[in-house]
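# Observations on chain architecture
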Amino acid sequence: MQRTMLKSKLHRVSVTHSELNYEGSCAIDEVLLEAANIKEYEQIDIYNVNNGERFTTYAIRAERNSGTISVNGAAARRASPGDLLIIATYASYTVEELAEFKPQLVYVDAQNRINNTRQHIPVQTA
């Protein structure tokens, strides 16, 4: 059996750009991609904290240390500069892999600079 679990999360990043006339995707500062273990062209789910919109697109690399979070193409209608987003990726894991499973969580400040990263350690219940 496999389970689909949260692999990584960028928590409450701020949209810096919204480009309607672009092919699509979400440009993310390369430092944030690396910290969250998100690969360029990987599918991402985006949850807009400001308006409740939820949508799926893919990640592309933005300039390192730029703080860029640019929502592009049709998705630009669902997020505006200044909106707070949660960007998540998911992966399928076997039962054996779940024994060591820990999602990568990245928290940022108002300028999308990392202020905390951690691997979530699930609470064990008796």
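A quick note: this is a predicted structure, and the numbers were derived from the prediction, not measured. (Residues numbered from 1 in each chain as written. Predicted model: local features only at pLDDT ≥ 70, side-chain atom pairs only at ≥ 80, totals over all residues. Heavy atoms only, no water.)

## Focus on the UniProt feature "binding site: substrate" (unreviewed entry) in the protein chain
What UniProt calls "binding site: substrate" (unreviewed entry) maps, in this numbering, to Thr57, Gly73, Ala74 and Ala75. Across 19 residues in sequence, these annotated residues keep their C-alpha atoms within 9.8 Å of one another, forming a single compact spot. In this fold, Ala74 is placed in the loop between strand S6 (69-72) and strand S7 (84-94). By secondary structure assignment, the location of Ala75 is in the loop between S6 and S7. Overall, the relative accessible area of 11% leaves Ala75 in the buried class. (UniProt positions renumbered as here; feature names shortened; annotations may be inferred. Helix = DSSP H or I, 4+ residues; strand = E, 2+ residues; numbered from the N terminus. Buried < 20%, exposed > 50% of the residue type's maximum accessible area, 1.4 Å probe, protein only.)

## With respect to the packing of aromatic side chains
Inspection of every chain in the model, using the stated rule, returns 2 aromatic pairs. Directly above the aromatic system of Tyr47 lies the positively charged group of Arg54, at a separation of 4.3 Å from the ring centroid. (Phe/Tyr/Trp six-rings, centres within 6.5 Å; stacked < 30°, edge-to-face > 60°. Lys NZ or Arg CZ within 6 Å of the ring centre and 35° of its normal.)

## Considering the pairing of strand S1 (residues 2-14)
As defined by bridge partners, S1 adjoins S7 across 10 bridges and the pair is classed as antiparallel. Looking across to S7, one finds that Met5 is bridged to Ala91. Where S1 lies against strand S8 (residues 104-108), 4 bridges are found, and the strand directions are parallel. Paired with His11 across the two strands is Tyr107, which belongs to S8. (Pairing = 2+ DSSP bridges.)

## What about the side chain of Thr57?
Checked against the element boundaries, Thr57 lands in strand S5 (residues 54-62). The exposure class of Thr57 is buried, given its relative accessible area of 13%. Excluding residues that lie within four positions of it along the chain, Thr57 makes contacts with Ser25, Cys26, Glu42, Gln43, Ile44 and Ile46. (Contact = heavy atoms within 4.5 Å.)

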